[in-house]
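Inside the fold
Residues per chain are reported as follows:
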Amino acid sequence: MLFGDIQTVTGVPVAGASVALTSHPKVIRTLTDVKGQFTLSGVCSSGSTSIAINKEKFVPAVVSVSSNATGISWLRAVLTSAEKPYIVKHPEDKVRYEGGRALLCCSATGSPAPDKYYWYHNGTLLDKNMYKYGNDLVLRDLKLEQSGEYYCKTSNAAGSIKSSPAHLTVIANGSPACNATPETHLIRLPMDCVQPGTHSKYYNAGRCPHNKCPGSLDFDMRCRDGAGFCCGVQEMESRNIDCGTYKLPIRAVKQCSCQKCVQPTVLVRGRVVAADNDEPLRFGHIYIGKDRVGTTGYQGGFTLQITPDTQRLVVNFVDPTQTYIDTPKVFIFDKKSGSIYHNVKVMRKQTPVDINPGETNFIDLGEIKGEDPIGQLVIPPHSFHKDNGEIYEGTVKASVTFIDPRNITTAAAAPGDLNFVDEEGDMLPLRTYGMFSVDFRDETSKEVLGTGAVQVLLDTQHVKMQEHIPTMKLWSLNPDTGVWEEESDFSYSATTAGSHGRSKREERTFLIGNMEIRERRLFNLDVPENRRCYVKVRAYMSEKFLPTEQLEGVVISLINLEPKPGYSSNPRAWGRFDSVLTGPNGACLPAFCDAMRPDAYTAYVTAILGGEELEAAPSSPKMNPNIIGVSQPYLDKLDYQRSDHEDPALKKTAFRINLAKPNQNNFDETNGPIYPYQNLLACENAPVDANHFRFFRVEKDKYEYNVVPFEENDLTTWTGDYLSWWPNPQEFRACFIKVKIHGQKEVMVRSRNLGGTHAETRGKLYGIRDIRSTRDMREANTSAACVEFKCSGMLFDQAEVDRSLISVIPQGSCRRISTNGLLQEYLIKHPPVAQNNESHAFTMLAPVDPLGHNYGIYTVTDQNPRVAKEIAIGRCFDGTSDGFSREMKSDYGVALTFSCPEKKINRESLFQRLQTNPGQTLSQMARDMREVEGLQVQRSSTQVVAFPSEQRGRTQNRRASSATRRRASMQAQQRQ
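Residues numbered from 1 in each chain as written. Predicted model: local features only at pLDDT ≥ 70, side-chain atom pairs only at ≥ 80, totals over all residues. Heavy atoms only, no water.

As recorded in an unreviewed UniProt entry, the protein chain goes by the name Cartilage intermediate layer protein 2, listed as coming from Poecilia formosa.

Structure follows, in structure tokens:
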């Protein structure tokens with residue numbers, strides 16, 4: 001006789017597990033009972049006897065039979081939960097010459113561990129006998145036709161998974177991997193630069209194509225190529241742009257060739273705050289997989305450095321105080337721009353309630369005022385157990401936190417990315433009807449408790465799409481992979497809802513699912529949705545929406561909303577969210593759509609760049625297709641509305657549209673901005689004049705010019721040159737000076753940045769920065785500007801320091817009235833000292849030291865230029881060395897102060913006098929002309945002298961008064 005005991009890793013008995021001999025695995029000899037035990041007659045202990053244990057959703061186990069001193073045979077088996085495979089190493093892009101070789105690697109985890117791999121080329125399975133592959137694929141004697149996409153697929157007993165595709169480029173021998181002729185690249189010129197003849201505001205500086213090169217073949221058999229080679233700048237030439245009144249120097253690309261790739265440091269940054277009140281998650285633990293990789297700061301901030309081979313980034317935020325639920329997030333990141341900012345929302349846990357484990361307990365899911373709960377948890381008596389499997393009989397502290405899709409503000413706090421992996425290994429989207437996190441604890445020891453079978457009831461009145469009811473499933477989140485995995489199906493039944501704080505019991509129709517609460521604590525009520533489309537969105541530098549001024553690295557987020565007939569308190573609940581980064585041709589966001597009803601699904605879309613919210617194209621007071629970017633009549637069908645459409649007091653940083661699937665038989669709907677799901681390539685490659693939705697930067701009147709062109713949203717465009725604004729592509733130092741303006745209007749302030757002390761750059765232009773001052777809302781007739789300037793320091797050759805020569809020039813009739821004393825003292829003590837003879841400007845040799853707000857100088861060093869500038873500007877606005885503000889505080893941390901009064905109008909203009917008194921004005925003009933005819937005017941050379949604005953105003957007043965007196969005297973003489 002054989003006795004057996006089967007438990008989970010937490011000590012919970014496993015009921016219904018099948019027991020078989022490994023010699024006859026398909027013959028089930030018995031099943032375990034509710035205590036996880038079994039007896040099997042006719043089996044004795046021997047060295048060759050082993051038993052196979054199988055249970056759905058657990059990893060199969062094989063255990064050898066042993067016996068004790070009494071001769072009784074027994075076994076004890078521990079089953080671990082089965083997990084679908086997950087790719088941890090994806091194949092990477094390769095570029096090779098014809099006849100070369102390449103190694104593509106793939107690796108996956110799972111429980112049980114996946115042991116079979118299959119490789120595909122352009123969707124076709126490769127012959128395993130021919131290529132002899134396992135988890136790695138070796139390609140030798142490459143031919144041109146072997147170019148294309150490769151991916152691997154692996155599986156275990158729980159499911160399958162596909163890797164991300166890798167692109168192999170095979171170049172014919174003798175063909176150049178990099179086109180030597182640069183591409184056209186237009187840069188915008190300063191506002192005061194008008195090219196004679198063309199009057200164009202743009203100049204073609206050229207750039208090299210963004211493609212990889214084969215490079216050295218010494219290490220061609222590695223999973224990841226070592227030092228990558230890219231098409232880059234081989235030679236630049238100096239040119240002068242004719243701006244009419246002056247010459248503007250520029251370094252233009254002359255020739256391209258294969259160079260060592262610039263490898264930006266890839267960072268993910270952000271801030272973790274509560275979804276209800278933005279309270280920061282202080283000192284929260286950050287996990288990637290099972291590894292703790294960091295801690296959030298006092299203000300909830302975090303920075304993560306990402307390895308270059310990362311394809312999918314899953315980060316889990318855990319609150320050690322247990323105030324907030326554990327929140328795994330799937331972050332998008334940009335390998336070119338180096339840094340993406342994420343504002344992470346976490347849900348506060350519901351206040352625990354005491355429940356008696358000896359009776360049936362009902363816990364509502366969803367608390368919207370005036371609405372029924374979306375569902376309930378039903379926990380049978382004696383269901384709670386400790387980690388060792390012992391039934392728990394004491395008071396249970398129960399906290400169930402429901403992320404309710406009827407409240408759109410909870411969308412940002414949803415964990416994971418609402419994707420699942422189907423049987424073929426493809427990652428597909430889910431549409432949620434609510435998520436919940438469970439936390440059951442021993443009242444005394446605070447030990448986490450598990451449960452046996454728990455029922456989940458979903459009220460069908462909240463499922464507005466009846467076709468979703470048969471496909472509804474219960475899912476749990478794998479915190480390591482961020483992927484939702486199926487727990488159970490739902491059954492359709494009319495039942496009576498229980499009462500947990502409800503005034504009465506009532507019969508309603510419910511979907512009923514079953515689950516056990518073991519290791520996982522996050523669950524989801526979801527349906528797979530196959531009605532999918534893509535939405536084309538672009539972001540621009542300004543509201544001019546110029547094709548040459550598109551922004552890359554902008555995080556575009558789309559929230560799918562519920563069909564229109566819905567809830568009285570909030571008629572549109574959310575069902576899904578997605579985020580995508582804009583590239584050189586915008587972004588294509590996946591979304592649910594419907595071909596029959598234009599408003600069956602709607603979307604709410606936002607855009608963020610480095611923590612800054614971008615503004616959407618306006619929809620009021622009048623809908624303008626040319627501004628929105630979508631032509632009629634499709635625009636009316638999509639019903640575009642910016643967030644302030646009905647209330648001008650609301651923010652302008654989002655828009656809402658109907659997700660009407662395009663009719664391919666209607667020409668007006670074949671040019672975007674909505675594309676069928678199978679037309680992703682058409683969306684990604686759409687020309688800039690095709691229909692699309694638009695965002696733009698709210699920050700206006702800002703301009704940056706670099707003599708050596710560089711795109712801060714693509715760090716791979718960096719070029720090593722003495723005149724490069726940023727001398728080091730791995731470390732970026734941003735410098736700003738705070739300028740205060742006394743005057744009724746905001747003014748443009750320019751910094752002109754020249755080489756100062758370095759032999760190679762002395763007197764040569766680095767670049768120009770223009771920025772309009774920002775009004776201080778607390779002080780009348782006062783504004784201030786945070787003006788970027790070229791930091792002093794080592795140049796790209798790291799051989800010698802250059803003290804940059806900086807001129808700060810407010811545009812208009814301005815006079816410098818004060819200079820920060822500490823800054824002035826520092827500059828005197830650190831010669832050479834630049835001359836400051838002109839009162840309308842300020843000139844200095846930029847300090848090498850990172851001075852602070854006491855000097856009016858703000859310096860921040862970071863691995864990303866945009867982040868460095870964003871932090872420095874925030875400190876400059878705040879007037880502190882460690883704060884951050886979006887409101888200008890002109891009384892703090894100022895370096896320079898200028899007076900810029902409005903030019904006074906001494907008398908009415910001729911046009912104004914003609915309007916107010918035409919008869920008298922015409923008579924006076926005739927008299928003046930007669931007087932002039934009798935006068936002889938002696939012309940002499942004129943010397944132009946620069947006066948401060950107030951003196952110049954007084955001089956003009958004296959001249960006007962003198963001329964008036966002379967004219968009055970002459971008229972008196974004529975009358976006499």
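1. Concerning the overall build of the protein chain
Within the protein chain one finds nine helices and 67 strands. The buried share of the protein chain, reckoned over its 976 residues, is 49%. By sequence separation, contacts in the protein chain at least 24 residues apart represent 69% of the contacts at least 6 residues apart. Of the roughly 46200 Å² that the protein chain leaves accessible, carbon and sulfur atoms contribute 50%. (Helix = DSSP H or I, 4+ residues; strand = E, 2+ residues; numbered from the N terminus. Buried < 20%, exposed > 50% of the residue type's maximum accessible area, 1.4 Å probe, protein only. Contact = heavy atoms within 4.5 Å. Areas by Shrake-Rupley, 256 points an atom, 1.4 Å probe, with all protein chains shown as cover.)

2. Focus: the nonpolar core
Counting 70 residues, the largest nonpolar core has Leu377, Phe436, Phe440 and Phe693 as its most contacted members. Apart from residues no more than four positions distant in its own chain, leucine 377 is found in contact with Asn361, Phe362, Ile363, Leu365, Val400, Phe436, Val438, Val454, Gln455, Val456 and Met515. Counting residues in hydrophobic clusters, the runner-up holds 48 residues, among them Leu189, Tyr705, Phe732 and Ala872. (Core = buried A, V, L, I, M, F, W, Y, C linked by side-chain atoms within 4.5 Å.)

3. Examining unusual backbone geometry
That bond from glutamine 632 to proline 633 is cis: its omega, 5°, falls within 30 degrees of zero. Counting through the fold element by element, proline 633 comes out in the loop between α2 (625-628) and α3 (634-638). Notably, aspartate 141 is not glycine yet its phi reads approximately 50°, a positive angle. Structurally, the position occupied by aspartate 141 is in the loop between β15 (136-139) and β16 (148-156). Positive phi, close to 55°, is recorded for histidine 199, a residue that is not glycine. With respect to the helices, strands and loops of the structure, histidine 199 is situated in the loop between β19 (186-188) and β20 (202-204).

4. Thoughts on the sheet that holds strand β57 (residues 748-754)
Pairing is antiparallel in the open sheet, where five strands are placed in the order β55-β58-β57-β63-β65. Strands at the two margins of the open sheet, each flanked by one partner only, are β55 (702-706) and β65 (842-845). Recorded for the sheet is a direction-independent mean angle of 10° between the axes of neighbouring strands. For strand β63 (residues 805-810) and β65, the ladder comprises four bridges, and the chain directions are antiparallel. Each residue of the ladder has a partner; that of serine 807, found in β65, is threonine 843. (Pairing = 2+ DSSP bridges. Axes fitted to C-alpha atoms, helices over the stretch in contact; angles between N-to-C directions.)

5. Re helix α6 (residues 865-878)
Residues lying three or four places apart along an α-helix face the same way, a consequence of the helix completing one turn every 3.6 residues. Taking 1.5 Å per residue, 14 residues should reach 20 Å; α6 reaches 20 Å between its end C-alpha atoms and fits that length. In terms of burial, α6 is largely enclosed, as twelve of its 14 residues are buried. Three or more residues of α6 are buried, namely Pro865, Arg866, Val867, Ala868, Lys869, Glu870, Ala872, Ile873, Gly874, Cys876, Phe877 and Asp878. Where α6 starts, the residue carrying a side-chain oxygen 3.0 Å from the main-chain nitrogen of arginine 866 turns out to be asparagine 864. Looking one or two residues past α6, glycine 879 carries a phi angle of roughly 75°, positive in sign. (Expected span 1.5 Å × (residues − 1). Polar contact = N/O pair within 3.5 Å; in protein donor to acceptor, adjacent residues only side chain to side chain.)

6. Some thoughts on the state of the cysteines
Every disulfide links exactly two cysteines, by a covalent bond between their sulfur atoms. In this structure the tally under the stated criterion is twelve disulfides. The residue that forms a disulfide with cysteine 106 is cysteine 152, at a sulfur-sulfur distance of 1.8 Å. Of the two residues, cysteine 106 is situated in the loop between β11 (102-105) and β12 (107-111) and cysteine 152 in strand β16; the sequence distance between them amounts to 46 residues. For cysteine 106, a relative accessible area of 1% puts it in the buried group. For cysteine 152, a relative accessible area of 0% corresponds to the buried category. Paired by a disulfide, cysteine 814 and cysteine 900 hold their sulfur atoms 2.0 Å apart. The disulfide joining cysteine 814 to cysteine 900 has a torsion of about 120° about its S-S bond and is therefore right-handed. Here cysteine 814 is found in the loop between β63 and β64 (815-819), whereas its partner cysteine 900 is found in the loop between β67 (896-899) and α7 (910-916), with 86 residues between them in sequence. (Disulfide = S-S within 2.5 Å.)

7. Brief notes about a nonpolar patch on the surface
Taken together, the side chains of Met1, Phe3, Ile72 and Trp74 present a nonpolar region at the surface, about 390 Å² in accessible area. Residue position: tryptophan 74 is located in strand β8 (residues 73-79). A relative accessible area of 38% means that tryptophan 74 is categorised as partly exposed. (Patch = residues over 30% accessible without salt bridge, like charges linked within 9 Å, V, L, I, M, F, W, Y side chains within 5 Å. Salt bridge = Lys/Arg side-chain N within 4 Å of Asp/Glu carboxyl O.)

8. What about the sheet that holds strand β2 (residues 18-21)?
One open sheet accounts for four strands, arranged β3-β2-β5-β6; its pairing is antiparallel. Edge positions in the sheet fall to β3 (30-31) and β6 (61-64), since each has one partner strand and no second. Bridge count for β2 against β3 is two bridges, and the pairing is antiparallel. Its bridge partner being in β3, serine 18 is matched across the sheet by leucine 31.

9. Describing the confidence of the model for the protein chain
On average, residues of the protein chain carry a pLDDT of 84, and 89% of them reach 70 or more. Note on residues 935-976: pLDDT is under 50 here. Beyond four places in sequence and across chains, it has 17 contacts. (pLDDT = per-residue confidence, 0-100.)

10. Some details on the pairing of strand β43 (residues 522-528)
Of all seven residues that make up β43, six are buried, and the element is covered over most of its length. Relative to β43, strand β39 (residues 473-477) is paired through four bridges, and the arrangement is antiparallel. Pairing of serine 476 across the sheet is with phenylalanine 523, part of β43.

11. Focus on the environment of aspartate 242
Relative to the helices and strands, aspartate 242 resides in strand β22 (residues 229-242). With relative accessibility at 31%, the residue aspartate 242 sits in the partly exposed group. Sequence-wise, aspartate 242 and valine 194 are 48 residues apart; in three dimensions their C-alpha atoms are separated by 7.8 Å. Ignoring any residue separated from it by four or fewer positions in sequence, one finds aspartate 242 in contact with Val194, Gln195, Pro196 and Lys247. A polar side-chain atom of aspartate 242 sits 2.9 Å from the main-chain amide nitrogen of glycine 244.

12. Brief notes about the side chain of arginine 656
Turning to its location among the elements, arginine 656 is positioned in strand β52 (residues 654-658). Side-chain polar atoms of arginine 656 contact the side chain of aspartate 639, separated by 3.0 Å. In contact with arginine 656, other than residues within four places in its own chain, are Thr602, Ala603, Asp639, Tyr640 and Gln641.

13. Notes on helix α5 (residues 821-829)
All buried positions along α5 are accounted for by Leu823, Tyr826 and Leu827. End-on, the buried residues of α5 take up no more than an arc of 95°, which puts them together on one face. The exposed residues of α5 that point more than 90 degrees off its buried face are Ile828 and Lys829. Buried residues belonging to α5 abut β65 and β66 (857-862). (Arc of directions from axis to C-beta.)

14. Considerations on the environment of glutamate 613
By the element assignment, glutamate 613 lies in strand β49 (residues 612-613). According to the relative accessible area criterion, glutamate 613 is partly exposed, its value standing at 36%. Here the alpha-carbon distance between glutamate 613 and lysine 652, two residues 39 residues apart in the chain, equals 9.3 Å. Once residues within four sequence positions are removed from consideration, glutamate 613 is found in contact with Ala607, Ile608, Lys651, Thr653 and Val698.

15. What about the packing of aromatic side chains?
Evaluated as defined, the whole model comprises 20 aromatic pairs. Look at tyrosine 722 and phenylalanine 796: their rings are 5.1 Å apart centre to centre, the planes differ by 75°, and that puts the pair in the edge-to-face class. You can see tyrosine 722 sitting in the loop between β55 and β56 (732-742) and its partner phenylalanine 796 sitting in the loop between β61 (793-794) and β62 (801-802), a full 74 residues away along the chain. Residue classification places tyrosine 722 among the partly exposed residues on the basis of a relative accessible area of 26%. Owing to a relative accessible area of 30%, phenylalanine 796 belongs among the partly exposed residues under this scheme. One residue, arginine 282, lies across the ring of tyrosine 298, its end atom 4.0 Å from the ring centre. Here the guanidinium or amino end of arginine 431 rests over the ring plane of tyrosine 433, the centre of that ring lying 4.0 Å away. (Phe/Tyr/Trp six-rings, centres within 6.5 Å; stacked < 30°, edge-to-face > 60°. Lys NZ or Arg CZ within 6 Å of the ring centre and 35° of its normal.)

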